[in-house]
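Structure assessment
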Amino acid sequence: MSDGKKLTRRHLMGAVAAGVSLAALGGALRARAAPSTWLRPPGALPEDEFLARCIRCFRCGEVCPPRCIEFPSSLALAESDTPYVIATDIACTLCMRCGDACPTGALVKIEPRLDVMAKQVKMGTPVLDKDTCFAWNRKQPCHLCFDVCPWQNQAVRLVTDRLAPEFIDDKCVGCGLCSEACPVEEKSIRIERAP
Ligand code: SF4
Ligand code: SF4
Ligand code: SF4
């Protein structure tokens, strides 16, 4: 074996060793799973199929008018750089452009009509904290969540003499507009991601 070949092999072994330790370090740094309140964009396939199909091309984020899609890179490798909507910051306005732009079918195309979306979109489930909700704890009248919902009196209705919100999960698409609108600092409504 020539000196050149020995050198190459030594370098290769060193690179492999360095690669393994870097990968292990990267894995440790990125072991975090996404919080359950980070939502997939509308039309996402079930999570395992979504992760198998998403090629992290960022096109869904590029076409999103409110720029509500983020691609966090500090997650476990399988989820890293995939699209999430963090609705408490910026919610999805249900334009359905992301599904049109997705080249792999990880997000399916859905017609942006209320009757169609009501059947085909399920980003998550709303969970209300009545202790902090202004309408329920009587700190002040408030029904902003009701006002912004595209499915008023179906996905959310106002109940009791307090006109306080109540959510109907099987009519709610989980867009998060109500959560974004909630004026309570720590948000009285959270949307738990669909499985
Ligand atoms: S439906 Fe529209 S607003 Fe919602 S995530 Fe997709 S592109 Fe963004
Ligand atoms: S457009 Fe589709 S494939 Fe590209 S990052 Fe978004 S979900 Fe993934
Ligand atoms: S209740 Fe909230 S999450 Fe559900 S459809 Fe209405 S605004 Fe969207």
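Rules of the game
Each residue is numbered by its place in its chain's sequence as written, counting from 1. Ligands are numbered from 1 and chains lettered from A, in the order in which they are written. Per-residue local features are limited, in this predicted model, to residues with pLDDT of at least 70; the limit for side-chain atom pairs, both in listing and counting, is 80 or more; totals at the level of whole chains, interfaces and linings are taken over all residues. Heavy atoms throughout the structure, all of them, feed into the side-chain values; hydrogens and water do not. Strands here are runs of E lasting at least two residues and helices are runs of H or I lasting at least four, both read from the DSSP assignment and numbered beginning at the N terminus. Each residue is placed in one exposure class: buried if its accessible area under a 1.4 Å probe, protein chains only, is under 20% of its type's maximum, exposed if it is over 50%, and partly exposed if it falls in between. The Shrake-Rupley method, run with a 1.4 Å probe, gives the accessible areas here. Residue values count only the displayed protein chains as cover. Along the chain, pLDDT gives the predictor's confidence residue by residue, from 0 to 100. A contact between two residues is defined here by any heavy atoms of the two lying within 4.5 Å. One heavy atom within 4 Å of a molecule or strand makes the whole residue count as near it. Here the nonpolar group is Ala, Val, Leu, Ile, Met, Phe, Trp, Tyr, Cys and Pro; Asp, Glu, Lys and Arg are the charged ones; every other residue, Gly included, is treated as polar. For this document, the term salt bridge refers to a Lys or Arg side-chain nitrogen within 4 Å of an Asp or Glu carboxyl oxygen. Pairing between strands requires that DSSP locate at least two bridges from one strand to the other. Stacked, tilted and edge-to-face are the three classes applied to pairs of Phe, Tyr and Trp rings, where Trp contributes its six-membered ring and a pair requires centres within 6.5 Å; stacked means planes under 30 degrees apart, edge-to-face means over 60, and tilted covers the rest. The criterion is that NZ of a Lys, or CZ of an Arg, lies within 6 Å of the ring centre and within 35 degrees of the ring normal, and then a charge sits over that ring.

1. Some words on the overall build of the chain
The secondary structure content of the chain amounts to eight helices and seven strands. Every one of the 195 residues in the chain was classed for burial, and the buried ones make up 36%. Surface accessibility of the chain: about 11,000 Å² in total, with carbon and sulfur atoms responsible for 56%.

2. Thoughts on the confidence of the model for the chain
Overall, the prediction assigns the chain a mean pLDDT of 87, with 85% of residues at 70 or greater. Counted against residues more than four places away or in other chains, residues 1-20, with its pLDDT under 50, gives one contact.

3. Comments concerning the environment of Thr93
Mapped onto the fold, Thr93 is located in the loop between strand 3 (84-86) and helix 4 (97-101). For the pair Thr93 and Pro150, spaced 57 residues apart in sequence, the C-alpha to C-alpha distance is 9.5 Å. Not counting residues up to four positions away in its chain, the partners in contact with Thr93 are Pro66 and Leu177.

4. Thoughts on the site of ligand 1
The environment of ligand 1 is formed by Pro42, Cys64, Pro66, Cys68, Ile69, Cys92, Thr93, Leu94, Cys95, Met96 and Cys98. Of the residues that constitute the shell around ligand 1, the class distribution is 10 nonpolar, one polar and no charged.

5. Observations concerning the pattern of salt bridges
Side-chain pairs of opposite charge can arise whenever the charged atoms involved come near each other. By the definition in use, this model includes seven salt bridges. Measuring nitrogen to oxygen at the nearest pair gives 2.6 Å for the salt bridge that ties Glu192 to Arg190. The class for Glu192 is partly exposed, based on a relative accessible area of 22%. Note on Arg190: relative accessible area 38%, which makes it partly exposed. Through salt bridges with shared partners, one network takes in Glu111, Arg113 and Asp115.

6. Quick look at the sheet that holds strand 1 (residues 38-39)
Sheet architecture is open: three strands sit in the order 1-3-2, paired in antiparallel fashion. Every interior strand has two partners, whereas the edge strands, strand 1 and strand 2 (69-70), have only one. Bridge count for strand 1 against strand 3 is two bridges, and the pairing is antiparallel. Along strand 3, the bridge assignment pairs Leu39 with Val85.

7. Some details on the pairing of strand 6 (residues 164-167)
Strand residues, when the strand is regular, have side chains that alternate between the two faces of the sheet. Bridging between strand 5 (residues 156-159) and strand 6 involves four bridges; their strand directions are antiparallel. Considered in strand 6, the bridge of Arg157 is made with Glu166. What sits between the antiparallel neighbours strand 5 and strand 6 is a turn of four residues, in which Thr160 has the positive phi angle 65°.

8. Observations regarding the packing of aromatic side chains
A full pass over the atoms with the stated rule returns two aromatic pairs. In this arrangement the basic side chain of Arg40 is found over the ring face of Tyr84, its NZ or CZ atom lying 4.0 Å from the centre.

9. Some words on the environment of Ile90
Within the secondary structure, Ile90 is located in the loop between strand 3 and helix 4. Overall, the relative accessible area of 32% leaves Ile90 in the partly exposed class. Sequence separation of Ile90 and Arg67 is 23 residues, and the distance between their C-alpha atoms is 7.7 Å. The contacts of Ile90, once residues within four sequence positions are left out, are Pro66, Arg67, Cys68, Val85 and Glu180.

10. Remarks on unusual backbone geometry
With a phi angle near 65°, Asp81 is a residue other than glycine that sits in the positive phi range. Within the secondary structure, Asp81 is located in the loop between strand 2 and strand 3. Judged by its relative accessible area of 24%, Asp81 is partly exposed. Here the phi dihedral of Asn153 falls at roughly 70°; this positive angle occurs in a residue that is not glycine. Mapped onto the elements of the fold, Asn153 is located in the loop between helix 7 (144-148) and strand 5.

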